[in-house]
Amino acid sequence: MFTYRDADVLSNRAARAFLQAGCVKEGDTVALFLGNQPMFLWLWLGLLKIGCPGALLNSNIRSKSLLHCLNCSGATTLVAAEDLLDAVKEVLPHLHEQQITIFILADRCETAGVESFIDKMNQASSEPIPKELRSHVTMQSPAAYIYTSGTTGFPKAAVVTYTRVWNLSLLLATTGVNSKDVIYDTLPLYHSTGLLVFTGAVERGIPVVLRSKFSASQFWDDCRKYNVTVIQYIGEIMRYLCNTPQKLSDKNHKVRLAVGNGTPFTGYVRDMKQTEKKKLHNVFKKGDLYFNTGDLLRIDEDNFMYFHDRVGDTFR
């Protein structure tokens, strides 16, 4: 269990570790390559404190996709989970060729050209980070880059600005989440919904129950164990839960609210051509502009809309 004070202290250590390593300066992009774990949050918050966006890599990508995601974000530093070291080793010569600094989340690392980040964090001060280091940040600055699933080619990096972070963080407040709630986060933190549920919880000042990976069979057991009152979802989660065999204890829980959100989209990083392809001009009248989500919907006789399929990029 971690308190909000722990989050502040550990993210300060992460921020100072980046600065003291000499590889990160204000405005630089740092790629985070790890699954759901508290360290993901300390790293991202630490980067925000020094005015740097995080490129949030899908922890399942490998080889050419991994290199592509690093390149399109412009990241100069990569931080990877210890269990992903083999994936890093697979592309290590290319990373060295591109002069990317590589850290692993382990106490020590014997791989040449890969340093331990845990060691640097342990040695770093937990003192607050001077605001001057993020004085260049505006509401339109990038806070993170999230990636499409690569259904139409290599994954593309989409910009999540501070404006988007704030707007989506306030989603919990607008849906009635209050200071007594406990929210259950089962989606990957590199996924926009998984990450922004965390920021919304911070805005509300409530506990987050973070699961390493979604499990339909363990979902309600977790909700009971941690007194969860709010869950977050994307469409697939509800389908998985409904298809799980019923148990007598299914209704024995405190969940009162399920919250979901759409995809934040400002544009693709360093790819204006692909960004423009997502915009539809003059659809109903001259001068209008629509965002092509790539969702295929159907409408029934009562004007209810149903998701049917994807016909474009999927954000993961």
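Predicted model, so just to flag it, every value in this text is computed and none were measured. (Residues numbered from 1 in each chain as written. Predicted model: local features only at pLDDT ≥ 70, side-chain atom pairs only at ≥ 80, totals over all residues. Heavy atoms only, no water.)

## Here's the deal with the sheet that holds strand 10 (residues 230-232)
Consideration 1: Read from one edge of the open sheet, four strands run 9-8-10-11, paired in parallel fashion. Every interior strand has two partners, whereas the edge strands, strand 9 (208-210) and strand 11 (257-259), have only one. The average angle at which neighbouring strand axes cross in this sheet is 25 degrees, direction not considered.
Consideration 2: Bridging between strand 8 (residues 183-185) and strand 9 involves three bridges; their strand directions are parallel. Bridge pairing in strand 9 places D185 opposite L210.
Consideration 3: Strands strand 8, strand 9 and strand 10 of the sheet are contacted by helix 9 (residues 192-204), whose axis makes an angle of about 155 degrees with strand 8. (Pairing = 2+ DSSP bridges. Helix = DSSP H or I, 4+ residues; strand = E, 2+ residues; numbered from the N terminus. Axes fitted to C-alpha atoms, helices over the stretch in contact; angles between N-to-C directions. Contact = heavy atoms within 4.5 Å.)

## What about the sheet that holds strand 3 (residues 77-81)?
Consideration 1: Reading across from one edge, 5-4-3-1-2-6-7 is the order of the seven strands in this open sheet, with mixed pairing throughout. Looking at the sheet topology across the chains shown, the edges are occupied by strand 5 (115-116) and strand 7 (157-161).
Consideration 2: Here strand 1 (residues 30-33) runs beside strand 2 (residues 54-56); their pairing, made up of three bridges, is parallel. Paired with L32 across the two strands is L56, which belongs to strand 2.
Consideration 3: Sitting on the sheet, helix 7 (residues 162-169) is in contact with strand 6 (142-147) and strand 7, with an inclination near 70 degrees to strand 7.

## Here's the deal with the side chain of T148
Consideration 1: On the secondary structure map, T148 appears in the loop between strand 6 and strand 7.
Consideration 2: In terms of polar contacts, T148 uses its side chain to reach the backbone amide nitrogen of K156, at 2.9 Å. (Polar contact = N/O pair within 3.5 Å; in protein donor to acceptor, adjacent residues only side chain to side chain.)

## Description of the nonpolar core
Consideration 1: Of all hydrophobic cores here, the largest spans 76 residues; its most connected members are F33, L43, L57 and L78.
Consideration 2: Counting residues per element, this core draws most heavily on helix 2 (residues 38-49), which supplies eight residues.
Consideration 3: Apart from the residues lying within four places of it in its own chain, the contact partners of L78 are A31, F33, L57, L70, V88, L95, I100, T101, I102 and F103.
Consideration 4: If you look at the next biggest cluster of nonpolar residues, it comprises 12 residues, including C223, I234, L241 and V255. (Core = buried A, V, L, I, M, F, W, Y, C linked by side-chain atoms within 4.5 Å. Buried < 20%, exposed > 50% of the residue type's maximum accessible area, 1.4 Å probe, protein only.)

## Observations regarding a nonpolar patch on the surface
Consideration 1: Side chains of L280, V283, F284 and Y290 sit close together on the surface and give an oily, nonpolar patch of about 410 Å² of accessible area.
Consideration 2: Residue classification places L280 among the partly exposed positions, given a relative accessible area of 35%. (Patch = residues over 30% accessible without salt bridge, like charges linked within 9 Å, V, L, I, M, F, W, Y side chains within 5 Å. Areas by Shrake-Rupley, 256 points an atom, 1.4 Å probe, with all protein chains shown as cover. Salt bridge = Lys/Arg side-chain N within 4 Å of Asp/Glu carboxyl O.)

## Description of the environment of F154
Consideration 1: For F154, the position within the fold is in the loop between strand 6 and strand 7.
Consideration 2: Linking F154 and L66, residues 88 residues apart in sequence, is a C-alpha distance of 9.5 Å.
Consideration 3: The contact partners of F154, leaving out residues within four places of it in the chain, are K64, S65, H68 and T148.

## Brief notes about the side chain of N36
Consideration 1: By the secondary structure assignment, N36 is in the loop between strand 1 and helix 2.
Consideration 2: For N36, a relative accessible area of 13% gives the class buried.
Consideration 3: Of note is the side chain of N36, whose polar atom sits 2.7 Å from the backbone nitrogen of L189.
Consideration 4: Discounting residues that sit within four places of it in the chain, N36 has contacts with T186, L187, P188, L189, L210, R211 and S212.

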